[in-house]
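Here are the chains, one letter per residue:
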Amino acid sequence: MDSLERYVRGKLADLEARSLKRALAETARFPAGVTERDGREMISFCCNDYLDLSHHPKVIEAAIDATRRYGAGSGASRLVTGNHPLYAALETRLARFKETEAAVVFGSGYLTNIGIIPSLIGDEDLILADDLCHACLFAGSQLSRARLEIFRHNDLAHCEALLAAHRVGHARCLILTDGVFSMDGDLAPVAALAALAEKYDGWLMTDDAHGLGVVAGGKGSSFIGGAKARVPLQMGTLSKAVGVYGGYLCASRAVVDFIKTRARSFIYTTGLPPGSVAASIAALELIETDTALVARPVENARLFTRALNLPDPESCIVPLVLGEPETALAASRSLAEQGFLVIAIRPPTVPPGTARLRFTFTAEHRKEDIMRLADAVRPFRPASAEP
Ligand SMILES: *Cc1c(COP(=O)(O)O)cnc(C)c1O
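Presented here is an overview of the structure given in this document. Since we're looking at a predicted model, the values are computed, not measured. (Residues numbered from 1 in each chain as written. Predicted model: local features only at pLDDT ≥ 70, side-chain atom pairs only at ≥ 80, totals over all residues. Heavy atoms only, no water.)

### Some thoughts on helix α7 (residues 190-199)
Phase 1 of the analysis: The complete set of buried residues in α7 reads V190, L193, A194, L196 and A197. The buried residues of α7 occupy one face: seen down the axis, they fall within an arc of 165 degrees. Away from its buried face by more than 90 degrees, α7 exposes A191 and K199.
Phase 2 of the analysis: On its buried face, α7 is in contact with β6 (147-151), α6 (156-166), β7 (173-178) and β8 (203-207).
Phase 3 of the analysis: Phi for D201, located one or two positions after α7, is positive at around 50 degrees. (Buried < 20%, exposed > 50% of the residue type's maximum accessible area, 1.4 Å probe, protein only. Helix = DSSP H or I, 4+ residues; strand = E, 2+ residues; numbered from the N terminus. Arc of directions from axis to C-beta. Contact = heavy atoms within 4.5 Å.)

### Some points on the site of the ligand
Phase 1 of the analysis: The immediate surroundings of the ligand are formed by 14 residues, with D207, H210, T237, S239 and K240 found nearest.
Phase 2 of the analysis: Within the backbone of Y110, one N or O atom sits 2.9 Å away from an oxygen atom of the ligand.
Phase 3 of the analysis: Within the contact set of the ligand, an oxygen atom lies 2.7 Å away from a side-chain nitrogen or oxygen of K240.
Phase 4 of the analysis: In isolation the ligand offers 370 Å² of accessible surface; the protein chains occlude 88% of this area.
Phase 5 of the analysis: For the shell around the ligand, the per-class residue count stands at three nonpolar, eight polar and three charged. (Near = heavy atom within 4 Å. Polar contact = N/O pair within 3.5 Å; in protein donor to acceptor, adjacent residues only side chain to side chain. Areas by Shrake-Rupley, 256 points an atom, 1.4 Å probe, with all protein chains shown as cover. Nonpolar A, V, L, I, M, F, W, Y, C, P; charged D, E, K, R; others polar.)

### A look at the side chain of D178
Phase 1 of the analysis: Mapped onto the fold, D178 is located in strand β7.
Phase 2 of the analysis: The buried charged residue D178 lacks any salt bridge, with K240 as its nearest oppositely charged partner at 8.2 Å.
Phase 3 of the analysis: In this structure the side chain of D178 is engaged in a polar contact, spanning 3.1 Å, whose partner is the backbone nitrogen of H134.
Phase 4 of the analysis: Sequence-distant contacts of D178, that is, excluding residues within four places in its chain, are made with L132, C133, H134, L137, A188 and D207. (Lys, Arg positive; Asp, Glu negative; His and termini not counted. Salt bridge = Lys/Arg side-chain N within 4 Å of Asp/Glu carboxyl O.)

### Quick word on the packing of helix α11 (residues 291-307) against helix α13 (residues 367-377)
Packed helices, taken two at a time, are described by their axes: the angle between them and the distance between them.
Phase 1 of the analysis: Where α11 meets α13, the closest approach of the two axes is 9 Å, and the angle between their N-to-C directions is 35 degrees. Note on packing geometry: the crossing formed by α11 with α13 is right-handed. Judged by residue contacts, N300, L303, F304 and A307 of α11 engage K367, I370, M371, L373, A374 and V377 from α13.
Phase 2 of the analysis: For the contact of α11 with α13, the per-class residue count stands at eight nonpolar, one polar and one charged. (Axes fitted to C-alpha atoms, helices over the stretch in contact; angles between N-to-C directions. Left-handed = near helix turned anticlockwise from the far one by under 90°.)

### Here we look at unusual backbone geometry
Phase 1 of the analysis: With omega at 10 degrees, the peptide bond leading from P347 into P348 counts as cis.
Phase 2 of the analysis: Mapped onto the fold, P348 is located in the loop between β13 (344-345) and β14 (355-360).
Phase 3 of the analysis: The residue N154 is not glycine, and still its phi comes out positive at about 55 degrees.
Phase 4 of the analysis: Mapping N154 onto the fold places it in the loop between β6 and α6.
Phase 5 of the analysis: Of the residues examined, N154 reaches a relative accessible area of 24% and is grouped as partly exposed.

### Observations regarding the pattern of salt bridges
Phase 1 of the analysis: Throughout the structure, instances matching the rule amount to 25 salt bridges.
Phase 2 of the analysis: Ionic pairing is found between E288 and R93, a salt bridge with its closest N-O pair at 2.8 Å. Remark: R93 occurs in helix α3 (residues 86-98) and E288 occurs in helix α10 (residues 274-289); sequence separation between them is 195 residues.
Phase 3 of the analysis: A relative accessible area of 17% places R93 in the buried class.
Phase 4 of the analysis: Taking the shortest distance from any N to any O, the salt bridge between R147 and E149 comes out at 2.8 Å.
Phase 5 of the analysis: For R147, a relative accessible area of 38% gives the class partly exposed.
Phase 6 of the analysis: The exposure class of E149 is buried, given its relative accessible area of 17%.
Phase 7 of the analysis: Through salt bridges that share partners, R93, R96, E285 and E288 make up one connected network.

Any functional reading would require information beyond the geometric quantities listed.
This is the structure:
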């Protein structure tokens, strides 16, 4: 056996032994959370398609129309010939909804973060990031070669202590947080972080992948409590509640112009297919106009947490931390046998010892299914969750 084969086989065996090997399962998704896996129909409580817009007739229609008109692919980078006319409409709409001067759309949320951060920040600079930030914020931070300091999750005092200790001596400073944390479903203190950032001349960047379309009437985590927090860099994805694919940054005109000329993951990659951009426009229109739809994912999450005496949810993501990977995997398997698709989230996605079931609730989940799920989950509830 050559060294490559020996290396990967050894690694795989080790991961398997620790219940940490990941594998793909073929999954077909249909409207209203119905999924088919291994020939079995299950109701999914683990999609990020929070408003079920990926199957909305208007969204699908928009994708088909744009595909017929402009083709299945965009043909080149946006800076070459890939900038089809739908991009401007999408960026204008995003900027208006987020109340910024401008917006720029990338190929995905991941590409957005690994593009923005090293465009703005370099090796003389400082980045402060919440401990539970999404992996792609850390990936972008590493690409920037800036000094990276991590503050304890949602701990403003720790963030300020790090600013006090390290801000002086660094040219620029970026503060990174998820708006809604992807694996815990809780909100960042965005307005307080904005104030802290201003005090220390730092630039706050929020990743609102799980906020857009779900919290603050769909406008996202910068708008919690009704007023707009001063967040100069509002990033998010079109792949979750919007139901399609792509990422975005909403910011000032100058920042957006700068990113378009600097971000390598914008410049050296092909533009999104026209159908995806058109679908996102249609989905955002629904998010902006259908307030009842936007309210439903969190309402459904609340039905579940109340049935189990868990704390009220801050978003439509509800974690149930079970500890070891095997425990979470066994719970996930048991739920699958009862017709519920709920994924076990294991390290390194979450910290060691916090393997969990991560439930996500969508607009189209039926109350009786949520109640049946709560009944099925009750036996796994850890003792620490007892009221
Ligand atoms: C999913 C996610 C991303 C990545 O977005 P994609 O469009 O899926 O690449 C970025 N940040 C957070 C917090 C996410 O949950």
